[in-house]
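Listed here are the chains, written in short residue letters.
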Amino acid sequence: MSIKSIKKKSFRSLTDWKRLRRIEDRNIDFSDIPETDEKFWADAGVVVPTAKTHLSVRLDEDVVDWFKRQGPGYQTRMNAVLRSYMQAVSKSGRSR
């Protein structure tokens, strides 16, 4: 493991929170957000996250670095990519 991958990277929010807190709800532009109706929510359901398993795994450094460069939540994105692959293989009937 390289020093580069061990160092903690801090991410600073670019959001101007003070300015946002001063804006009153009536002054927020919702024109680009469509209103929802009963039909929109008809098939909605609660998705309960599955339990995670703590795992030690060896991955190529460039792969991990690429995911980290995408920003916070890189482990969640890695999990999503693996899940997508798992579902694609399961649907195709192939087994590895």
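Residues numbered from 1 in each chain as written. Predicted model: local features only at pLDDT ≥ 70, side-chain atom pairs only at ≥ 80, totals over all residues. Heavy atoms only, no water.

### Details of the packing of aromatic side chains
Alright, step 1. If you walk through the whole model with that rule in mind, you get two aromatic pairs.
Alright, step 2. Each ring, one from phenylalanine 40 and one from tryptophan 41, has its centre 4.9 Å from the other, and the planes form 80°; the classification is edge-to-face. The exposure classification of phenylalanine 40 matches that of tryptophan 41, with both residues exposed.
Alright, step 3. Note on tryptophan 66 and phenylalanine 67: the rings are 5.1 Å apart at their centroids and 90° apart in plane angle, and the pair reads as edge-to-face.
Alright, step 4. Taking relative accessible area as the criterion, tryptophan 66 reaches 44% and is therefore assigned partly exposed. (Phe/Tyr/Trp six-rings, centres within 6.5 Å; stacked < 30°, edge-to-face > 60°. Buried < 20%, exposed > 50% of the residue type's maximum accessible area, 1.4 Å probe, protein only.)

### Looking at helix 4 (residues 61-69)
Alright, step 1. For helix 4, every residue scored as buried is listed here: Val64, Asp65, Phe67 and Lys68. One side of helix 4 carries all its buried residues, which in axial view fall inside an arc of 165°. Facing away from the buried side of helix 4 by more than 90 degrees, the exposed set consists of Asp62 and Arg69.
Alright, step 2. Of the residues flanking the end of helix 4, it is glycine 71, one or two places downstream, whose phi is positive at about 110°. (Helix = DSSP H or I, 4+ residues; strand = E, 2+ residues; numbered from the N terminus. Arc of directions from axis to C-beta.)

### Considerations on helix 5 (residues 74-92)
Alright, step 1. Its 19 residues place the ends of helix 5 27 Å apart at the C-alpha level, agreeing with the 27 Å of an ideal helix rising 1.5 Å per residue.
Alright, step 2. Following helix 5 by one or two positions, glycine 93 adopts a phi angle in the positive range, close to 85°. (Expected span 1.5 Å × (residues − 1).)

### Some thoughts on the pattern of salt bridges
Alright, step 1. Counted according to the given criterion, the structure contains two salt bridges.
Alright, step 2. Linking aspartate 16 and arginine 19 is a salt bridge whose minimum nitrogen-to-oxygen distance equals 3.9 Å.
Alright, step 3. With a relative accessible area of 40%, aspartate 16 lands in the partly exposed category.
Alright, step 4. Among the residues examined, arginine 19 registers a relative accessible area of 42% and is labelled partly exposed.
Alright, step 5. Of the charged contacts in the structure, one is a salt bridge between glutamate 24 and arginine 26, with a shortest N-O distance of 2.9 Å. (Salt bridge = Lys/Arg side-chain N within 4 Å of Asp/Glu carboxyl O.)

These values are about where atoms sit, not about what they do.
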